[in-house]
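Observations on the model geometry
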Amino acid sequence: MRTSKDFFRPLAVGAPEPLREIPARPSRAIHFFDPSNEKMAAKIPAMVGTVDVLLGNLEDAIKADNKVAAREGLVRIARETDFGPTQLWTRINSLDSPWVLDDLTTLVPAIGDKLDVVMVPKVQGAEDIAYVDRLLAQLEAKAGLQRPILIHAILETARGVANIEEICAASPRMQGLSLGPADLAADRRMKTTRVGGGHPGYLVRQDPASSSADDIAAPRTTYQQDLWHYTIARMVDACAMHGIYPYYGPFGDIADVVACEDQFRNAFLLGCVGTWSLHPKQIAIANRVFSPSVEDIKHARRVVAAMGDGTGAVMLDGKMEDDASLKQCLVMVELAERLAAIDPELKAAYDAIEVDA
Ligand code: GLV
Ligand code: MG
């Protein structure tokens, strides 16, 4: 642990000052692309402005033979593209791999001025963040960068989950956490082979009408439960406590847009700010789900207007509203304002809301 006195000191002479607060930049969809895939890379410039984050993936899903091509492809794309309002992130290889050192020592000098966030996979504890933190500071200083590159950790090992608070607290560069359900399932020895999403076997069943053998055997309603609820809830609390942002991760069943939307919405309702997108059709789902609905904003504005100076309580449609529910509404209204600033369609929808008394 660094003392509070040292926490915001740059870790290398000449490195940029760490940020005191992590900006709440819209990041509803983090769209993964393979920079070694020329067809995919050619589509990147046209995607600027249509998605909040474009992420050049160097880790899993990139074949070992393509690791260098992916790294070099990312450098080329970053240099040739004006990203405008869209953030550029990368996912580097894991810290125990033979590629990660070259990932960082190549990317930071070449495109460090364009990279907003480095996603670090398979983070186990604060020591992993400390390693990347110092190395980034050294490379930033050498490259003369003016703003710090932020770190995002993927939560995909049991040890990482157990150490979640210390990971969030490890550096002022920590921007957020994503759930990595595939690696996490394997590391925990969970018995699901799916990439994210639910499982039909993970359920609770309605009580039998009686304890007779016939009633026990009779059909009963079952309710599928969410395998990821515990981990997401832990992630949300750890992130909120440290002023950083939680994200859902990959949803591998690209065809099942309905279950994908449900899973993303659960994460949104629990407090996540965004998710990964593995296919362009998941961008639209994420943008819709991680933006407050027009109905929610209409209600939230009504509560804000009715609550005046924010003290006391009022009744609206038979429901009690007070200081706490006002704060809930302000979370929605502030998010809507941030999103409207970069999304004209959403702005038009929110602007059209008429608040009745
Ligand atoms: C993502 O990297 C995962 O392992 O789910
Ligand atoms: Mg993974």
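Residues numbered from 1 in each chain as written. Chains lettered and ligands numbered in written order. Predicted model: local features only at pLDDT ≥ 70, side-chain atom pairs only at ≥ 80, totals over all residues. Heavy atoms only, no water.

**Some details on the pattern of salt bridges**
Inspection of the entire model under this criterion finds 20 salt bridges. Among the ionic pairs, Arg 28 bridges to Asp 343, the shortest N-O distance being 3.2 Å. Of the two residues, Arg 28 sits in the segment before β1 (29-33) while Asp 343 sits in the loop between α14 (323-340) and α15 (344-351), which places them 315 residues apart along the sequence. Residue class for Arg 28 comes out buried when judged on its relative accessible area of 3%. With a relative accessible area of 16%, Asp 343 lands in the buried category. For Arg 91, the salt bridge identified is with Glu 59, shortest N-O distance 3.2 Å. Remark: Glu 59 occurs in the loop between β2 (53-57) and α3 (67-80) and Arg 91 occurs in strand β3 (residues 87-91); sequence separation between them is 32 residues. Like Arg 91, the residue Glu 59 is buried in the burial classification. (Salt bridge = Lys/Arg side-chain N within 4 Å of Asp/Glu carboxyl O. Helix = DSSP H or I, 4+ residues; strand = E, 2+ residues; numbered from the N terminus. Buried < 20%, exposed > 50% of the residue type's maximum accessible area, 1.4 Å probe, protein only.)

**A word on the pairing of β3**
Most of β3 sits inside the fold, with 5 of its 5 residues counted as buried. Where burial is concerned, the two faces of β3 agree: the one with Gln 87, Trp 89 and Arg 91 and the one with Leu 88 and Thr 90 are both buried. The pairing of β2 with β3 spans 5 bridges and is classified as parallel. Within β3, the residue paired with Leu 55 across the bridge is Trp 89. Assessed by its sense of winding, the connection that carries the chain from β2 through α3 to β3 is right-handed. Once you follow β3 into helix α4 (residues 100-111) and on to strand β4 (residues 117-120), the crossover reads as right-handed. (Pairing = 2+ DSSP bridges. Right-handed = clockwise from strand over helix to strand, strands pointing away.)

**Some thoughts on the sheet that holds strand β6 (residues 174-179)**
Strand order in the open sheet formed by 8 strands is β9-β6-β5-β4-β3-β2-β1-β10, with parallel pairing between adjacent strands. The open sheet has two edge strands, β9 (245-247) and β10 (275-277), and neither has a second partner. Each strand of the sheet is rotated relative to its neighbour by a mean of 25°, with strand direction disregarded. (Axes fitted to C-alpha atoms, helices over the stretch in contact; angles between N-to-C directions.)

**A word on the site of ligand 1**
Taken together, the residues surrounding ligand 1 are Arg 91, Glu 156, Gly 180, Pro 181, Ala 182, Asp 183, Pro 250 and Trp 276. Here an oxygen atom of ligand 1 and a side-chain polar atom of Arg 91 are 3.1 Å apart. For ligand 1, the accessible surface in isolation is 190 Å², of which the surrounding protein chains cover 93%. In a pocket analysis with a 2 Å cut-off to the grid points, ligand 1 is assigned to the second largest pocket. When residues in the shell around ligand 1 are grouped by element, the largest group, 3 residues, is from helix α8 (residues 181-188). Here the residues of the shell around ligand 1 sort into 4 nonpolar, 1 polar and 3 charged. (Near = heavy atom within 4 Å. Polar contact = N/O pair within 3.5 Å; in protein donor to acceptor, adjacent residues only side chain to side chain. Areas by Shrake-Rupley, 256 points an atom, 1.4 Å probe, with all protein chains shown as cover. 1 Å grid on protein atoms, 1.4 Å probe; cavity = no way out; pocket = protein on both sides within 12 Å on 5 of 7 lines; lining within 4 Å. Sits in = over half its atoms within 2 Å of the grid points. Nonpolar A, V, L, I, M, F, W, Y, C, P; charged D, E, K, R; others polar.)

**Concerning the domain arrangement of the protein chain**
Segmentation of the protein chain into domains returns domain 1 (4-290) and domain 2 (295-351). For domain 1 versus domain 2, the separation of C-alpha centres amounts to 29 Å. Listed as interface residues are 6 residues of domain 1 and, on the opposing side, 6 residues of domain 2. Both sides together, the interface formed by domain 1 and domain 2 hides about 540 Å², and carbon and sulfur atoms give 69% of it. The interface formed by domain 1 and domain 2 includes 1 salt bridge. In this assembly, domain 1 and domain 2 are joined by 2 residue pairs in polar contact (both at pLDDT 80 or more). Here the residues of the side of domain 1 that touches domain 2 are counted per class, giving 4 nonpolar, no polar and 2 charged. (Domains from an automatic or database assignment. Contact = heavy atoms within 4.5 Å. Buried area = accessible area lost by both parts, 1.4 Å probe.)

**Examining the environment of Ala 158**
Here Ala 158 is to be found in helix α6 (residues 158-162). Classification of Ala 158 as partly exposed rests on a relative accessible area of 36%. Along the backbone, Ala 158 and Leu 54 are 104 residues apart, and their C-alpha atoms lie at a distance of 28 Å.

**Digging into the nonpolar core**
Counting 81 residues, the largest nonpolar core has Ile 30, Leu 177 and Phe 264 as the members making the most contacts within it. In terms of residue count, α4 provides more of this core than any other element does, 6 residues in total. (Core = buried A, V, L, I, M, F, W, Y, C linked by side-chain atoms within 4.5 Å.)

**Side note on α8**
Where α8 is concerned, the buried positions are Pro 181, Leu 184 and Ala 185. Taken down its axis, α8 places every buried residue within 100° of arc, on the same side. Among the structural elements, β5 (150-155), α6, β6 and α10 (229-242) are those in contact with the buried residues of α8. Directly beyond the C-terminal end of α8, a positive phi value near 60° is found at Arg 189. (Arc of directions from axis to C-beta.)

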